[in-house]
Amino acid sequence: MARAAGCPFDPPPALRAKQEEGPLAKVRLWDGSTPWLVTRYAEQRALLADPRVSADITQPGYPSPAPINGSSTISFILMDDPEHARLRRMVTAPFTIKRVRAMRPAVEKIVDELIDDMLAGPKPVDLVEAFALPMPSLVICELLGVPYSDHDFFQDNSKTIIKRDATPEQRATAFGHLAGYLDNLLGEKLTDPGDDMLSQLTERIKNGELSRQEAAQMGVLLLIAGHETTANMIALGTLALLEHPDQLALLRDTDDEKLVTSAVEELLRYLHITHNGRRRVALEDIEIAGQLIRAGDGMIMANDIGNRDPDVFPDPDRLDIQRDARHHVAFGFGVHQCLGQPLARLELQIVYSTLYRRIPTLRLATDLEKIPFKHDGSVYGVYELPVTW
Ligand code: HEM
């Protein structure tokens, strides 16, 4: 949901008003359809965990945020079990907590080198371009086996895919470019495998578990999900901290890993960057909160306002890095809960505990009003963040 003018970190007042009225409301979408808007945390979690609720974008009644083009379906995030589980299982291993923990030194090195470059270069600098975007892109490239030197190509196409106002044709073209690119890489790795996720997928192609097209689509999903989201959390998170200097000081001056961990959870809750909501459709009639959701009804779980539900998070509009926010829904809930969350957490913990300590005088190099916010994308953030020190 687009943020209104006012506090750039708060959900729009109209969404807050809907939440106060009740947990479910009907809303009208761009195509005239009227899905349910689910505004409260408890109902959102109940529905996201309900097997009668589908994430399949091809189901009639699916509340698409924009016109869709069938060929641009991005792998298992838009599928139901058992197909969803079959594909997701093939890529879970590198994202387990133990495997991700082992990546800490590599991620720390990437963060430190990018900060070294920033400090050695001219200022002011755009934090998005110099740090927030390259950081998770370098990590996901390494993990997948995608050459980082192609970053302009894949970042541009990813941007088009998640842009709300891209036409179906533009989105399908961008998806085609990325799927073709991933297919080429898979082709190379079929004959010359390395120690990366795409090479592991080629093993599954060889033994008939996975088609090459499925593997390419999974590659697209992992590449996009792996860099866009974390990049926005880094830049928007930094802006939120700069606007809350007391919280920034607490984080910068602490040696307590627990405070860093809770700061990451709180910023995930407070900023909730995937602000288009979790889109779903009912496969059967479902009764919830005194309402009947009929089979075929669309649903939008507005998790951004769910993360500000006062029954769950007292004083929800206050950024408080000392609160326990672990139960937020910024990574979704249920079977589609974010696969990459251990990696995202590691990246954000390292960034938030390094960047402000190494550049203690970091500050905005422009006025808040001049910062371009991403009101037009399905992931919220800033296009640019000019900073200096
Ligand atoms: C701060 C960063 C991130 C945020 C806020 C985030 C958020 C989310 C959310 C809300 C979902 C659920 C979608 C739904 O239910 O419809 C999701 C799913 C997913 N995320 Fe993330 N994500 C982040 C980072 C990552 C990273 C680093 C990866 C690594 C590749 C990743 C990979 C995925 C995948 C593959 C799914 C689909 C899971 C499924 O459908 O089973 N995400 N993410």
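One structure accompanies this document, and this report is about it. Everything numeric in this text was worked out from a predicted model, so none of it was measured.

Now for the site of the ligand. Looking at the ligand, there are 26 residues lining it, with H84, R88, R280, H336 and C338 nearest. Within the contact set of the ligand, an oxygen atom lies 2.8 Å away from a side-chain nitrogen or oxygen of R280. Elements that contribute at least two residues to the shell around the ligand include exactly α3 (83-89), α11 (212-242) and β5 (278-282). Of the residues forming the shell around the ligand, the biggest block, 7 residues, is contributed by α11. Split into classes, the residues belonging to the shell around the ligand amount to 15 nonpolar, 8 polar and 3 charged.

Turning our attention to the pattern of salt bridges. Where side chains of opposite charge bring their charged atoms close, a pairing between them can arise. Inspection of every chain in the model, using the stated rule, returns 24 salt bridges. Taking the shortest distance from any N to any O, the salt bridge between R204 and E209 comes out at 2.8 Å. Given a relative accessible area of 25%, R204 falls into the partly exposed group. Since its relative accessible area comes to 35%, E209 is described here as partly exposed. Members of the salt-bridge network, linked through shared partners, are D10, R16, R308 and D317.

The subject of this paragraph is the side chain of Q19. As for its placement among the helices and strands, Q19 is situated in helix α1 (residues 13-21). There is a polar contact of 3.0 Å between the side chain of Q19 and the backbone oxygen of I305. Beyond its immediate sequence surroundings of up to four residues, Q19 is in contact with T39, R40, I305, G306, R308, D309 and P310.

Judged by pairing direction, the sheet is antiparallel, and its 3 strands sit side by side in the order β4-β10-β9 without closing on themselves. Where the open sheet ends on each side, the last strands, each with one partner, are β4 (125-126) and β9 (363-364). Note: β9 against strand β10 (residues 386-388), 2 bridges, orientation antiparallel. Residue pairing across strands places R363 opposite T388, the latter belonging to β10.

Right, let's get into the environment of C338. Looking at the element boundaries, C338 is found in the loop between α14 (303-306) and α15 (341-358). As for C338 and A225, which are separated by 113 residues in sequence, their C-alpha atoms are 9.2 Å apart. With near-sequence residues (within four places) excluded, C338 lies in contact with R88 and F331.

With that settled, the discussion passes to unusual backbone geometry. A cis amide bond links D81 to the next residue, P82, at an omega of 5 degrees. Within the secondary structure, P82 is located in the loop between β3 (53-54) and α3. Cis geometry marks the peptide bond from K123 to P124, where omega comes out at 5 degrees. The backbone of S75 shows a phi angle near 55 degrees, a positive value even though the residue is not glycine. Topologically, S75 is positioned in the loop between β3 and α3. Judged by its relative accessible area of 1%, S75 is buried. We note that D315 has phi near 50 degrees; this positive angle belongs to a residue other than glycine.

Across the 5 residues of β5, 5 count as buried, placing the element largely inside the fold. Residues of β5 alternate between two faces, with R278, R280 and A282 on one and R279 and V281 on the opposite face, all of them buried. Taken together, the 2 bridges between β3 and β5 define a ladder with antiparallel strand orientation. Across the sheet, residue V53 finds its bridge partner in β5, namely A282.

Each value, and the rule that gives it
- Residues numbered from 1 in each chain as written.
- Predicted model: local features only at pLDDT ≥ 70, side-chain atom pairs only at ≥ 80, totals over all residues.
- Heavy atoms only, no water.
- Near = heavy atom within 4 Å.
- Polar contact = N/O pair within 3.5 Å; in protein donor to acceptor, adjacent residues only side chain to side chain.
- Helix = DSSP H or I, 4+ residues; strand = E, 2+ residues; numbered from the N terminus.
- Nonpolar A, V, L, I, M, F, W, Y, C, P; charged D, E, K, R; others polar.
- Salt bridge = Lys/Arg side-chain N within 4 Å of Asp/Glu carboxyl O.
- Buried < 20%, exposed > 50% of the residue type's maximum accessible area, 1.4 Å probe, protein only.
- Contact = heavy atoms within 4.5 Å.
- Pairing = 2+ DSSP bridges.

Read these as spatial facts, not as claims about activity.
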